[in-house]
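Structural features, examined
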Amino acid sequence: IQKGGKSMDALFFGSYEHQIDDKGRFRIPAKFKKGLDSYPEKTYSFVRGLSGSICLFPDSVLEETLSSLADERVSEASPVSLMVFSSIYPAEEDGQGRVTLPAKLKQIAGIKKDIVTVGRGRRLEIWAAEKYREVTENVDYDAELKKLGI
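Throughout this document, residue positions are counted from 1 along each chain, in the order its sequence is written. Given that the model is predicted, a residue must reach a pLDDT of at least 70 before its local features are reported, and side-chain atom pairs must reach 80 or more before they are shown or counted; all residues, however, enter totals for whole chains, interfaces and linings. Only hydrogens and water are set aside when side-chain values are computed; all heavy atoms of the structure are taken into account.

With that settled, the discussion passes to the side chain of Ser81. What counts as a helix is a DSSP run of H or I of at least four residues, what counts as a strand is a run of E of at least two, and both are numbered from the N terminus. Along the chain, the position of Ser81 falls in helix 4 (residues 79-85). Residue contacts follow a heavy-atom distance rule, with two residues in contact if any of their heavy atoms lie within 4.5 Å. Filtering out sequence-adjacent residues up to four positions away, Ser81 remains in contact with Leu69 and Glu72.

On to the side chain of Ser45. Considering the arrangement of structural elements, one finds Ser45 in strand 5 (residues 44-48). Polar contacts, as counted here, are pairs of nitrogen or oxygen atoms within 3.5 Å of one another; within protein the pair requires one atom able to donate a hydrogen and one able to accept it, and residues that are adjacent in sequence qualify only if both atoms are side-chain atoms. For Ser45, the side chain forms a polar contact with the side chain of Asp59, separated by 2.7 Å. Setting aside residues no more than four positions away along its own chain, Ser45 makes contact with Cys55, Leu56, Phe57, Asp59, Leu62, Ile88, Tyr89, Pro90 and Ala91.

By definition here, a salt bridge exists when the distance from a side-chain nitrogen of Lys or Arg to a carboxyl oxygen of Asp or Glu is within 4 Å. For the coordinates displayed, the defined rule picks out 11 salt bridges. Among the ionic pairs, Asp22 bridges to Lys113, the shortest N-O distance being 3.9 Å. Note that Asp22 is positioned in the loop between strand 3 (15-19) and strand 4 (25-27) and Lys113 in the loop between helix 5 (103-109) and strand 9 (114-119), a separation of 91 residues in sequence. Assessed through its relative accessible area of 75%, Asp22 is described here as exposed. A salt bridge links Arg123 to Glu125, with the shortest nitrogen-to-oxygen separation between them at 3.0 Å. Relative accessibility thresholds used throughout: buried, under 20% of the residue-type maximum; exposed, over 50%; partly exposed, between the two (1.4 Å probe, protein chains only). Residue class for Arg123 comes out partly exposed when judged on its relative accessible area of 23%. A relative accessible area of 5% places Glu125 in the buried class. The network of salt bridges with shared partners includes Asp21, Arg25, Asp94 and Arg98.

Set out below in structure tokens:
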């Protein structure tokens, strides 16, 4: 994306339904992979998301997103920061371009086989397909857009 002649970070949007294999591996959809590769560091990490999702952040975006938690003093340490930082795992590709979902995050998200990968701005979210449908089917789309002022 270009803004005022300057290149900006890739924004992720859209959704893809696919599956993980028996070893918990999947290929990041090509459109999303291209966006991830547009970040200079070309590294990214999984982290526990909200409502049973798994987030996949380019590492520079993750660092920026978590900077306020990273600066907390020992005496101010919160259980949330403990949970967030202990749920970060590097996403490493194998020789065939597949990444493995960490077993702990896979369990928390309730992922068995079918997944939905969703672009959410500067991050991706991976959902168990059933959970994704459950979360999205009862949303009043018009009302939610109005709340956002869109």
